[in-house]
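Read off the chains here:
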Amino acid sequence: PGNKKTKTGRLWVYVRDDRRSGSKEPAAVWFAYSPNRQGVHPQRHLTGFSGILQADAYSGFNELFRDGSMREAACWAHARRKLYDIHVRTPSETTQKALDYIGKLYGIEASIRGKPPAERLRVRQEKAKPLLETYGAWLRAKLQTLSTKSDTAKAINYSLNQWGALTLYCDDGTVEIDNNIAENALRCVSLGRKNFMFAGSDSGGERAAAMYSLIATCKLNGVDPRAYLCHVLTCIADHPINRVDELLPWRVAAHLQNPPQPAVPTG
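Here is a short report on the structure shown in this document. This is a predicted model, so every value here is computed, not measured. (Residues numbered from 1 in each chain as written. Predicted model: local features only at pLDDT ≥ 70, side-chain atom pairs only at ≥ 80, totals over all residues. Heavy atoms only, no water.)

## Some words on the overall build of the protein
Scanning the protein for helices and strands turns up eleven helices and four strands. Once the C-alpha set of the protein is aligned to its principal axes, its extents read approximately 85 × 55 × 40 Å. Relative to its 267 residues, the protein shows a buried fraction of 38%. In the protein, once contacts between residues fewer than 6 apart in sequence are set aside, the share between residues at least 24 apart is 62%. Only carbon and sulfur atoms are counted for the fraction: they give 53% of the accessible area of the protein, which is about 16,100 Å². Each charge class in the protein was averaged separately, 37 positive and 26 negative side chains, and the resulting centres sit 6 Å apart. (Helix = DSSP H or I, 4+ residues; strand = E, 2+ residues; numbered from the N terminus. Buried < 20%, exposed > 50% of the residue type's maximum accessible area, 1.4 Å probe, protein only. Contact = heavy atoms within 4.5 Å. Areas by Shrake-Rupley, 256 points an atom, 1.4 Å probe, with all protein chains shown as cover. Lys, Arg positive; Asp, Glu negative; His and termini not counted. Charge placed at Lys NZ, Arg CZ, Asp CG, Glu CD.)

Spelled out as structure tokens, the structure:
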């Protein structure tokens, strides 16, 4: 770094984990590498996908929502963080009240975690939606009293500009209030960055993404990553390539918990 002999690559993470809405489907994480942060990469990654994508407000995702095949769900953790950072530096009645509103939204979510989508939707419509309407009206009124250049006004505008995407979760019981599941999956990258800062090349970045995908998926499924990799590397050479899906972490979890015992000779 500093000698212009390195470049910064990018890792994108996509997570499927609906267990908080009562799903029994196994959770999965996919990391994808790219040499830059251009929006064309998520567009390529999600070719053919339709449904709801929950993410931060990165402008590179905007093209994904243009034709209506994909709907945007925004992240309340990001909206809260902008207000919280201001509150830590210069606490005020405005930032405190905003954080209290968001805290109540999270309290509602805690009460329905793990419940079926229909139940989550019912509670959100009954409790969260009216609270959001009150909070939204309060934000708009408070904005009129602030300088447009103030940090608090910018934080409020962030929420209001994303309001449709921030409130979408109240209309779908499978959607989360934030994208913290994906944020948590990225922690392994942040924690390891000081120990292995360089991927070496674009191909190295792609290999790193593949390994991160397996390791993070193991963690979400309660599988020890080291035990899983040892098992796969031991048996993959003789495993039929058209049945490689049998080696996915959730499919070998039971084998790792109850490994075959060596035969004991008798005489």
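## Focus: the nonpolar core
Judged by nonpolar contacts, the single largest core of 34 residues is most densely connected at Trp76, Leu105, Tyr135, Trp163 and Tyr169. Of all the secondary structure elements, the ones that give two or more residues to this core are helix 2 (76-89), helix 3 (93-112), helix 4 (117-143), helix 5 (151-161) and helix 6 (163-166). Ranked by residues supplied to this core, first place goes to helix 4 with eight residues. Residues contacting Tyr169, with those up to four places away along its chain left out, are Trp76, Leu105, Glu109, Arg124, Ala128, Leu132, Val175, Glu176 and Ile177. Within the second largest apolar cluster, eleven residues are counted, among which are Tyr33, Cys188, Ala209 and Tyr212. (Core = buried A, V, L, I, M, F, W, Y, C linked by side-chain atoms within 4.5 Å.)

## A closer look at the side chain of Thr217
Relative to the assigned elements, Thr217 resides in helix 9 (residues 202-220). A relative accessible area of 5% means that Thr217 is categorised as buried. Separated by 2.7 Å, the side chain of Thr217 and the backbone oxygen of Ser213 make a polar contact. Discounting residues that sit within four places of it in the chain, Thr217 has contacts with Ala27, Ala28, Val29, Pro249 and Trp250. (Polar contact = N/O pair within 3.5 Å; in protein donor to acceptor, adjacent residues only side chain to side chain.)

## Overview of the pattern of salt bridges
The full count for this structure, using the stated rule, is twelve salt bridges. A salt bridge links Asp17 to Arg19, with the nearest nitrogen and oxygen atoms 2.8 Å apart. Residue classification places Arg19 among the partly exposed residues on the basis of a relative accessible area of 37%. Between Asp151 and Arg89 there is a salt bridge, with the nearest N and O atoms lying 3.4 Å from each other. One end of the pair, Asp151, is in helix 5; the other, Arg89, is in helix 2, and 62 residues separate them in sequence. Residue Arg89 is classed as exposed on the basis of its relative accessible area of 52%. The structure contains a network of salt bridges with shared partners spanning Arg20, Arg120 and Glu176. (Salt bridge = Lys/Arg side-chain N within 4 Å of Asp/Glu carboxyl O.)

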